[in-house]
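Reading the structure
So you can see what is in the structure, the chains are spelled out below.
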Amino acid sequence: MHTAALILAAGSSRRLQEPKQLIDWGGKPLLQHVYEMVRAWPVEEVWVVLGHEADRVLAECDLSGASVVINDDHEEGLATSLSVGLDALLNDGDADRCVIALGDQPRIEREVVDRLLDTHTSTRKPAIVPRYRYTRSNPVVVDRSLFTRLMSLEGDNGAQQLLQAHPEWVEEVWFEQMPPRDVDTATDVEELRPRSGA
């Protein structure tokens, strides 16, 4: 089964007041770190959706091997980036399924992705969602059959809004660890960023 990964990284980082994609993360930009993490997953192709300061992000991040899509409407919410990315996958990619990841979640364990993809293969449910203790989070695996449905979303809710409305589409995979944290604030940067030499 041909698997793509889609990294949503178009946001304007209003709370940080600087492009979070370019924050130093162990000697490289945060988005480059996330891209390298995702590229190591069992996927055949990686797509990255950019928006805010896209030219600067492309100049400062090494995204070699990724397919990059620009979302000019990123200020309208996360759903626009999801739509732009999935539209590109439908028109220019060969993916049977997609792992949707966020560009500001730098700590997704490979085991999580492996289990989500294995569950999709065995159950063939259209959406495979991780539940960390009592909370659904990311990344999410979606079957190609859902791409068009997800492209109809609006605002800042992402895929979870639609999946909550259609529990029959969803298979949950339970993990005992806490959900991955976003890098949204200076406190997140301080607490999550790799220490020197780490």
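No experiment lies behind these values; they were computed from the predicted model shown.

**Considerations on the environment of W169**
- You can see W169 is positioned in the loop between α6 (160-165) and β8 (170-175).
- As for W169 and K125, which are separated by 44 residues in sequence, their C-alpha atoms are 5.9 Å apart.
- In contact with W169, other than residues within four places in its own chain, are K125, P126, A127, L146, R149, L162 and L163.

**Digging into unusual backbone geometry**
- In this structure, P139 follows N138 across a cis peptide bond, with omega equal to -5°.
- Within the secondary structure, P139 is located in the loop between β6 (135-136) and β7 (140-143).
- Not every positive phi belongs to a glycine, and E53 is a case in point at roughly 50°.
- Of note, E53 is situated in the loop between β2 (45-50) and α2 (54-60).
- For E53, a relative accessible area of 35% corresponds to the partly exposed category.
- A positive phi angle is found at R133, which is not glycine, with a value near 60°.
- Among the secondary structure elements, R133 is positioned in the loop between β5 (127-132) and β6.

**Brief notes about the nonpolar core**
- Counting 38 residues, the largest nonpolar core has I7, L31, V38, W41, V46, V48 and V183 as the members making the most contacts within it.
- Per-element accounting of this core gives the leading share, six residues, to helix α1 (residues 30-39).
- Beyond its immediate chain neighbours, meaning those up to four positions away, V38 contacts A5, I7, V43, V46 and A101.
- One finds V49, L102, V129 and V170 within the second-largest nonpolar core, a separate group that totals 29 residues.

Conventions used here
Residues numbered from 1 in each chain as written. Predicted model: local features only at pLDDT ≥ 70, side-chain atom pairs only at ≥ 80, totals over all residues. Heavy atoms only, no water. Helix = DSSP H or I, 4+ residues; strand = E, 2+ residues; numbered from the N terminus. Contact = heavy atoms within 4.5 Å. Buried < 20%, exposed > 50% of the residue type's maximum accessible area, 1.4 Å probe, protein only. Core = buried A, V, L, I, M, F, W, Y, C linked by side-chain atoms within 4.5 Å.

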